[in-house]
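Observations on the three-dimensional arrangement
The residues making up each chain are set out below.
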Amino acid sequence: MAPFRVIIVGGSIAGLALANMLEQYEIDYVLLEKYPTIAPQVGAGFAIQPNGARILQQLGCYKPLEAANEPVNSLSNVSFDGSLRMYEPEFGRWQEESHGSKMRFMDRRKVIETLFENLRDKSKILTSREVIKLFSHSDGVEIETGDGTVFHGDLVVGADGVHSRVRREIQRIAAEDTGRDLFPEDDAFTCEYRAIFGISKAPEGIVPDQAFKWFGEGRNYLCAPGPNGTLYWIFDMKNEEKTQGKSILRYTENDIEEAVTLYRGDVIKDGVTFGDLFDNRIRASMVPVEEGILKTCFYKRIVLLGDSWHKVGYIAIQSAATLANELKDAIIDEETPSEARLGLALGYYQKARQAKSLAVVEHSHQLQKMEALETPVTKFIQLKLAKYLSPEIMANATCQWYAWAPRLKHLPLSPQSNFLPFADEIKMKPKRRSKIITLLFALFLIIVVFLLYPHLQQKEAIVTYEAKKSLFTRLTGLDKDRSLQLHYNLSITIITAIISIESYRMSLGLSLLGSALPFGIASIFVGWEFVAPAYFALFVFHTGTKSYYYPCPRSIDLAAAQAFVFAYLVNYIPPIVCTFACSTFPSLLWSISHATLPLAIRPLAKWIARRSTGSIRGPAILWGDQDMKYTTRFFSLMSMFSLVGYLFSNPLKGQSGAKLLPLYLLVVQGGSLDPSEVRILLLDLIMMAFLCFIIWDTRRINASNAGLSTILLTISNALLFGPAVALANLWSTRETEWEASRQRQERPIDDKVVIEKA
Ligand SMILES: Cc1cc2nc3c(=O)[nH]c(=O)nc-3n(C[C@H](O)[C@H](O)[C@H](O)COP(=O)(O)OP(=O)(O)OC[C@H]3O[C@@H](n4cnc5c(N)ncnc54)[C@H](O)[C@@H]3O)c2cc1C
């Protein structure tokens, strides 16, 4: 039987990337390109980012590209009046240390040329073969080219660009077969901007290893370093009207001249004008900026790849990798995959790449609006807020784009030493939590509060005056009221600690959990019986995203982590001392301390950060585990305090053998609870429910192997030593497991780490 054969239409970035992948996966193919030469002298800068770089490294063609181009070392934003809005001198270092490589702009032609040169067997690349017609059969496909040659294969991949002939052919074939239009949204590609892509000798005053963006109303520039003192640049201009499909305009030299005349006075950086840049040009061409993605990308044995499916730059190589992986899997399953098996493979490819491509299309669209200052809001964000973006915030935003990139799973990876491993290199399997689970948990909290709320309405005072006790009495135990109060307040200290720690988690920075203070203030008015469940519900709600556990940093601000122990001691020593030394239980003092913990941490953290400026920033801090020794120490302290406090305050001392407080209160005392006990019961139950939830959630994302036995053990721990102890221990364990599951794993046997060839 003839081997499975792929026909690739189009010899540009997508087509040649796939050709390399198929060659290295030992899948037979032929590539048909309509032009007489591969890599004609057209186009300008093409960006390679870490997500694409990893695949090019696997193919063995990253090093030649790296050697031929300058990396983007720094990034700045300049506004239309020439003022500097943001300058990030270490942009390149951050990217490389975080994701393994710096962003590089390369001549599109050089990328195509390198992909071509990397092929061992170049006889499979056929030029001057314009595909004009496709025929689909149940056991294969045929392609007819302009010169009348017919090629036979098992699968056709249309990597023939935005005006794809293959796309039109699938549409025709599907319509003939089924009578339905496969791409009713064929006009899905829209256009709101036009762009001049250029390459120039860097005018004096521009350092050619820096990238910068310039924002003006209705237009924006991006300049990036090229080889040998050159600059790649893109000048985007807003069109008067949005066009779609066939009505999208093509541009000529006259259009370029017109734009240059109009905008040559734009001062894009340090006195350098657009006119200077243009006059120094080596090449420049104007194209419509098309955007969009089709809902379907395949029919039977024909599939689209790259711009023919999704018109957005820079992701064609990743889509090619997913397609190659799927084809290899299909061939491993069946030597010559049937149409049904191919359908499975192509269906997965479509599903996997569609969401990602759509996100990129939407993101690019929003970014474009922002950079061309389209609305007052985007103007405000770009000109007023963007300058406050720290490298940490930028790294946290960009990691979302890189971390989920595919790799060639049947080829070895080069050794990686970046701080943030890609998603397929780690043990954790982050996924979005079902909204139903989140709602059920929130509902449970509401029901518990609702059931116990009437008991809290009783007017009986929770603080009762106690006669001053002897030292012996104080050391050996407290009366029941004080026991309950101490137990209750110790439980709250761990809740405030968690609220404070989570407020320093970068992924929660812009959420309602980004500051601990509002919860402390709210507790003064409504009590922790309401604030704690509200916080837990919000926590569950905000941590259900895919990115909370990964790739957003787990580590919390290092200076804050260092501040916790001291701030905690300073904050809680007064109420602790007073509990044992004063004649009445210092409820007010405890309440104030719960509310002010964040106020104690923040200034101390700022002071620590100021003292260690320069040495505590960088990807190692953001993605590393330096905070852990401080948070572990903090949780140990919390745990110890809670345990000692619980033993002192054993709330059931003297009660008939009942040790398991919440169960005892619930089952034995039933409805005859006083408000103090209700408070305890409510908080204990809520904390235990939260404990179970967190254990389950950590297992859900494969960060731990904890199961039912761990839940039972933790509940026993909570019942015997108090929920505060159990929660402190759990949070510490969670941090350790979370960190370990984000680390790069050893490769599987068929995927050994080898040094990149070339
Ligand atoms: C001329 C040109 C210049 C570009 N310049 C830039 C740039 O400077 N910067 C940038 O970021 N992006 C540029 N792009 C876009 C960029 O190449 C793509 O966004 C991305 O690389 C995905 O490419 P692709 O391989 O899917 O499609 P394309 O790069 O468009 O390649 C399609 C290939 O298919 C061939 N082809 C088309 N029809 C047929 C047919 N019927 N039979 C056989 N072969 C056919 C074409 O000749 C071409 O080689 C350019 C695209 C083109 C076509």
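Residues numbered from 1 in each chain as written. Predicted model: local features only at pLDDT ≥ 70, side-chain atom pairs only at ≥ 80, totals over all residues.

By the naming in an unreviewed UniProt entry, the protein goes by FAD-binding domain-containing protein and is assigned to Penicillium citrinum. As recorded by UniProt, the Subcellular location (unreviewed entry) comment attached to the protein reads in full: "Membrane". (UniProt positions renumbered as here; feature names shortened; annotations may be inferred.)

**A look at the overall build of the protein**
Looking only at helices and strands, one finds 25 helices and 21 strands in the protein. Going through the 758 residues of the protein one by one, you find that 45% of them count as buried. (Helix = DSSP H or I, 4+ residues; strand = E, 2+ residues; numbered from the N terminus. Buried ≥ 20, exposed ≤ 12 C-beta atoms within 10 Å, placed from the backbone.)

**Section: helix α16 (residues 517–526)**
All of the buried residues in α16 are Phe-519, Gly-520 and Ser-523. Taken around the axis of α16, the buried residues stretch over an arc of 100 degrees, which confines them to a single face. More than 90 degrees from the buried face of α16, the exposed residues found are Phe-525 and Val-526. Looking one or two residues past α16, Gly-527 carries a phi angle of roughly 90 degrees, positive in sign. (Arc of directions from axis to C-beta.)

**Describing the nonpolar core**
Membership of the largest hydrophobic core comes to 124 residues, with the highest contact counts inside it found for Ile-8, Ala-17, Leu-18, Val-156, Val-157, Leu-305 and Ala-320. The contact partners of Leu-18, leaving out residues within four places of it in the chain, are Ile-8, Val-157, Ala-159, Leu-305, Ala-320, Leu-323 and Ala-324. Ranked by size, the runner-up nonpolar core spans 67 residues in total, among them Ile-495, Ala-497, Ile-501 and Ala-537. (Core = buried A, V, L, I, M, F, W, Y, C linked by C-beta atoms within 7 Å. Contact = placed C-beta atoms within 7 Å.)

**As for the sheet that holds strand β20 (residues 302–304)**
If you walk across this open sheet you meet the 6 strands as β7-β2-β1-β11-β20-β19, and the pairing is mixed. Two strands lie at the open edges of the sheet, namely β7 (125–126) and β19 (298–299), each paired on one side alone. (Pairing = 2+ DSSP bridges.)

**Points about the environment of Arg-554**
Among the structural elements, Arg-554 can be located in the loop between α17 (528–542) and α18 (558–581). Remark: the alpha-carbon pair of Arg-554 and Ser-507, spanning 47 residues in sequence, is separated by 8.3 Å. Arg-554 has contacts with Trp-738, Glu-739 and Arg-742, leaving out every residue within four places of it along the chain.

**Considering helix α4 (residues 91–99)**
With 7 of its 9 residues buried, α4 lies for the most part within the structure. Within the span of α4, buried status applies to Phe-91, Gly-92, Trp-94, Gln-95, Glu-97, Ser-98 and His-99. On its buried face, α4 sits against α2 (50–59), β4 (74–79), β5 (84–88), α12 (391–402) and α20 (619–623). One or two steps after α4, the chain reaches Gly-100, where phi turns positive at roughly 105 degrees.

**Some details on the pairing of strand β8 (residues 131–137)**
Regular strands place their side chains on alternate faces of the sheet. In terms of strand pairing, β8 meets strand β9 (residues 140–145) through 6 bridges, oriented antiparallel. Along β9, the bridge assignment pairs His-137 with Gly-140. Hairpin connection from β8 to β9: 2 residues lie between these consecutive antiparallel strands.

**Notes on the packing of helix α1 (residues 13–24) against helix α9 (residues 316–333)**
Axis separation between α1 and α9 bottoms out at 9 Å; the angle between their running directions is 35 degrees. Every pair of crossing elements has a handedness; the one defined by α1 and α9 is right-handed. On α9, the residues touching Ile-13, Ala-14, Ala-17, Leu-18, Met-21 and Leu-22 of α1 are Ala-316, Ile-317, Ala-320, Ala-321, Leu-323 and Ala-324. Residues belonging to the contact of α1 with α9 are distributed by class as follows: 12 nonpolar, no polar and no charged. (Axes fitted to C-alpha atoms, helices over the stretch in contact; angles between N-to-C directions. Left-handed = near helix turned anticlockwise from the far one by under 90°. Nonpolar A, V, L, I, M, F, W, Y, C, P; charged D, E, K, R; others polar.)

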